[in-house]
Amino acid sequence: MTINLFQDPISSYRESDTDNDLDNEIAELERKLAAAKAKRCKHPRSRLEGDSSSSSSSPERPLLAPNLPNHFHLLLSDSALPLGSFAFSSGLESYLAHGHKSNPYHPHTSFAAFLPLSISSYASTTLPFVLSAHRDPSLSNLVELDDAQDASIICTVGRRASVAQGRALLGIWERSFSQSLPPLGSSVVTAAQRGDLKAFGLLVKRGSSKEIPDASAHLAPLFGAICSVVGLSLQQTAYIFLFGHVKALVSAAVRAGMFGPYQAQKILAGETVQELITEMIKREWGTKVERAGQNVPVMDLWFGRHEVLYSRIFNS
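Residues numbered from 1 in each chain as written. Predicted model: local features only at pLDDT ≥ 70, side-chain atom pairs only at ≥ 80, totals over all residues. Heavy atoms only, no water.

### Considering the layout of surface pockets
Computed from the structure, the largest pocket encloses a volume of approximately 1,100 Å³. Contributing to the lining of the largest pocket are 49 residues, with S90, Y122, Q165, H245 and A248 lying nearest its centre. Those elements giving two or more residues to the lining of the largest pocket turn out to be α5 (111-135), α6 (139-152), α7 (156-177), α9 (219-229), α10 (234-255), α11 (261-269) and α13 (297-304). Here the element with the most residues in the lining of the largest pocket is α10; it accounts for eleven residues. Considered class by class, the residues forming the lining of the largest pocket number 24 nonpolar, 21 polar and four charged. (1 Å grid on protein atoms, 1.4 Å probe; cavity = no way out; pocket = protein on both sides within 12 Å on 5 of 7 lines; lining within 4 Å. Points joined across faces, edges and corners; volume = space filled by probe spheres on them. Helix = DSSP H or I, 4+ residues; strand = E, 2+ residues; numbered from the N terminus. Nonpolar A, V, L, I, M, F, W, Y, C, P; charged D, E, K, R; others polar.)

This is the structure in structure tokens:
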């Protein structure tokens, strides 16, 4: 038996070529894998889910940068915002009391009939002041708007409710919101804007003991100014303001026994409320403050006669 000590040169070349091809293929696959990993790190979804290949001991990076307008959007639209609206029915309780079947002039009552009247009335009397204060939140304009709205409200009960909620909002700003803002120079809030709201608060406190106060602190202009200062858009401000009124009405209806909480959420989520609010914003978008006023006169009657009810659970 003969042993061949020399390898066939042709087969050796073939094996060498195969090895080189495999090495090249592996190198190409590794290059593609590295490129895919780089793309995955740049993808937004990968930043939210995290890179599984990263070490568990590495510090986590923040997913999103702080967004001041969005944060205050949630705060100002929160039902838990202590404005005192829980104590007011915006005329709903009086509407129900005067809509008894024994009343030949108003025999039937329903929330579906009251809601569009209330939103239309609230928008025509307050929304122009909200929009004007948002466009110019300076101290001089805020004082003028506050004085103009004080003169435009005919019903004493409605004026008292507006001032009570406005002063509550001013207290929230002074005690909570202003102290939680980022340092000056790191946010959209300027020193002048903070100073104007602070000066307005001092003006309200200084004039509280006077027979004719320097400022009453109505809700609408203050709401518009604060939303402007924290960076909310004009559209967002108007929608939050009217939607807050609808939430207060629905809450009052639940406590008055008109329907339950599930029906309340159905109303708030329904297209009717969305369309009503949108339509009112369009209607009042260009309305000047001088033309703001009550467009549902019977609403003032329901407000005014609330205090003469035999029994009541709301302040207005």
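### Here we look at the packing of α9 against α10
With their axes 10 Å apart at the nearest point, α9 and α10 run at an angle of 140 degrees to one another. With respect to each other, α9 and α10 are oriented oblique. Seen from above, α9 lies across α10 with right-handed handedness. In this structure, α9 uses L219, A220, F223, G224 and C227 to contact α10, whose residues at the interface are T237, I240 and F241. Grouping the amino acids of the contact of α9 with α10 by side-chain chemistry returns six nonpolar, two polar and no charged. (Axes fitted to C-alpha atoms, helices over the stretch in contact; angles between N-to-C directions. Parallel < 35°, antiparallel > 145°, perpendicular 65-115°, else oblique. Left-handed = near helix turned anticlockwise from the far one by under 90°. Contact = heavy atoms within 4.5 Å.)

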